[in-house]
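Chain by chain, the residues run as shown.
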Amino acid sequence: MPTQPDRINLLGLSPSGLETFFESIGEKRFRATQVLKWLHQQGASSFDEMTNISKSLRQKLSEVADIREPEVVLEKISTDGTRKWVIRMDGGSSIEMVLIPEGSRKTLCVSSQVGCALDCSFCSTGKQGFNRNLSAAEIIGQLRVAIRSFGPFDPKDERRVTNVVFMGMGEPLLNFDNVVAATELMMDDNAYGLSKRRVTISTAGVVPAIDKLAGLSDVSLAVSIHAPNDALRDQLVPVNRRYPLKELIASCNNYLKHLNDKRVITVEYTLMDGINDQPEHATQLLKVLRKMPSKLNLIPFNPFPNSGYKKPSTEAIARFKQIIVNGGIITTVRKTRGDDVDAACGQLVGQVADRTRRSQKYLSVLQLDPSEETLTQAGEG
């Protein structure tokens, strides 16, 4: 079915949004539940598949709406089972997403922006610049692609994707409305039915958006800190210059107060050799973590071309972890997964039609050709 510009993509409508849509076309609100199940549990790709809906309504839907999944241009499977996809978006730019298997757990790392509006110094995505936010339909489309990669949709098969983390390309909370709508679908029992503990929004620390999220959603929250003090974090995570650690911690504590269960903030901390991996950094970080209920994920830096950073030694990682553990904070070291297909944390780059000129500046400093595939098409390398 050809796509029409004025047709609405139903994949991105939240349950309440779909009810409003049906009312707008003169139909009953209960149709939303029927269509939700067809779209997100049965994986319907056309309205003709929706056999418990009248032929006349199916015809009406085909005239005003459609079901559009993003275009997969590349799929790679790592030797450890990690799957990476490069997906072409409207406008020609590409994003990447990754599925990480761990026993019965299968975690999908989705992207929320084409590129990233932030510019964390150690992240290859940030060097690509920023093009635009993804729609809720484009976010949900990633989940559908991952589920479908295991075969036809089966509503009884709950183990194809068990967890979703917004840790791919982009800063999720700078795409607030679309990300919240997508998480609502992920957790709805008539759609994907994922537990609120199994859907995680990760942020570099956009404090006003965390405050806005409080009371609106009960999704799990992860915060990328990466430095134990403001001076260092200003260099590594520039958003800290606007929202320093004290404000960020206060915002996280406020978010937790709005949840009706005992949860903690997951803190992400990328370890870089000689930058933030020393014992004094661990001691400082411990003081920060004690100010809010938290658990810590230590992420050994994953190299990318000309980053200027190195992965710490095994000894340095173990030493850092032990200091935190001795301070009473649950700490894990994230295994590097999918690095042979450039799918590890911090390596997702896609192909971005940069609107910020950041990528040109980065390539200019490195004296690289803008068409260099190791930077613009990691999925091809």
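Residues numbered from 1 in each chain as written. Predicted model: local features only at pLDDT ≥ 70, side-chain atom pairs only at ≥ 80, totals over all residues. Heavy atoms only, no water.

Asks: What should I look at first to understand the overall build of the protein in this one?
Replies: On a plain count of helices and strands, the protein comes out with 13 helices and 14 strands. For the protein, the residues scored as buried account for 55% of the 381 residues in total. When the accessible surface of the protein is totalled, it reaches about 16,800 Å², and 48% of it is carbon and sulfur. (Helix = DSSP H or I, 4+ residues; strand = E, 2+ residues; numbered from the N terminus. Buried < 20%, exposed > 50% of the residue type's maximum accessible area, 1.4 Å probe, protein only. Areas by Shrake-Rupley, 256 points an atom, 1.4 Å probe, with all protein chains shown as cover.)

Asks: Whenever I open this one, the nonpolar core confuses me. Can you help?
Replies: Soluble, globular proteins show a tendency: their nonpolar side chains are buried together. Phe166 and Met186 are the most contacted members of the largest nonpolar core, which totals 104 residues. Built from parts of two domains, this core gets at least three residues from each of domain 1 (8–66) and domain 2 (71–363). Setting aside chain neighbours within four positions, we find Met186 in contact with Ile139, Ile140, Leu143, Val164, Phe166, Tyr192, Gly193, Leu194 and Val199. (Core = buried A, V, L, I, M, F, W, Y, C linked by side-chain atoms within 4.5 Å. Domains from an automatic or database assignment. Contact = heavy atoms within 4.5 Å.)

Asks: Is there a simple way to explain unusual backbone geometry in this structure?
Replies: Phi is mostly negative for residues that are not glycine, and the peptide bonds are mostly trans. Residues other than glycine seldom take positive phi values, yet His226 does so here, at roughly 65°. Locating His226 in the fold gives a position in the loop between strand E11 (220–224) and helix H8 (230–236). Classification of His226 as buried rests on a relative accessible area of 5%.

Asks: Just to check I follow, could you spell out helix H5 (residues 136–148) for this structure?
Replies: Counting along an α-helix, one turn takes 3.6 residues, and residues three or four places apart therefore face a common direction. With 13 residues, H5 extends 18 Å from end C-alpha to end C-alpha; this agrees with the ideal 18 Å at 1.5 Å per step. Within H5, twelve of the 13 residues are buried, which leaves the element mostly enclosed by the surrounding structure. Residues of H5 that are buried: Ala136, Ala137, Glu138, Ile139, Ile140, Gly141, Gln142, Leu143, Arg144, Val145, Ala146 and Ile147. (Expected span 1.5 Å × (residues − 1).)

Asks: Got a minute to help me understand the UniProt feature "binding site: S-adenosyl-L-methionine" (unreviewed entry) in the protein in this structure?
Replies: Annotation from UniProt places "binding site: S-adenosyl-L-methionine" (unreviewed entry) at Gly170, Glu171, Ser202, Ser224, Ile225, His226 and Asn302. Within the element layout of this structure, Gly170 appears in the loop between strand E9 (163–166) and helix H6 (176–187). Within the secondary structure, Ser224 sits in strand E11. (UniProt positions renumbered as here; feature names shortened; annotations may be inferred.)

Asks: Please explain the sheet that holds strand E12 (residues 265–271) as it appears in this structure.
Replies: Adjacent strands of a sheet form backbone hydrogen bonds with each other and so pair up, either parallel or antiparallel. In space, the ten strands of this open sheet follow the order E3-E4-E5-E6-E9-E10-E11-E12-E13-E14, with mixed pairing throughout. The open sheet has two edge strands, strand E3 (71–77) and strand E14 (331–333), and neither has a second partner. Strand-to-strand twist in this sheet, taken as the mean axis angle between neighbours without regard to direction, amounts to 20°. Here strand E13 (residues 294–300) runs beside E14; their pairing, made up of three bridges, is parallel. Counterpart to Leu298 in the pairing with E14 is Val333. Along the sheet, helix H11 (residues 314–326) contacts E12, E13 and E14; its crossing angle with E14, the most-contacted strand, is approximately 165°. (Pairing = 2+ DSSP bridges. Axes fitted to C-alpha atoms, helices over the stretch in contact; angles between N-to-C directions.)

Asks: Mind showing me how you'd approach the packing of aromatic side chains here?
Replies: The geometry of an aromatic ring pair is captured by two quantities: the separation of the ring centres and the angle between the planes. Across all of its chains, the model carries three aromatic pairs by this definition. Measuring from centroid to centroid gives 5.9 Å for Phe301 and Tyr309, while their planes differ by 70°, and the two rings are edge-to-face. Using a relative accessible area of 2% as the deciding quantity, one classes Phe301 as buried. Across from the ring centre of Phe150, 4.1 Å away, lies the NZ or CZ of Arg83, which sits over that ring. (Phe/Tyr/Trp six-rings, centres within 6.5 Å; stacked < 30°, edge-to-face > 60°. Lys NZ or Arg CZ within 6 Å of the ring centre and 35° of its normal.)

Asks: Would you take a moment to explain the pattern of salt bridges for this structure?
Replies: Two side chains carrying opposite charge are able to pair once their charged atoms lie near each other. This model, assessed by the stated rule, comprises 14 salt bridges. Put simply, Glu27 and Lys60 hold a salt bridge, and the shortest N to O gap is 2.9 Å. Here Lys60 lies in helix H3 (residues 55–64) and Glu27 lies in the loop between helix H1 (15–24) and helix H2 (31–40), a separation of 33 residues in the sequence. Among the residues examined, Lys60 registers a relative accessible area of 26% and is labelled partly exposed. (Salt bridge = Lys/Arg side-chain N within 4 Å of Asp/Glu carboxyl O.)

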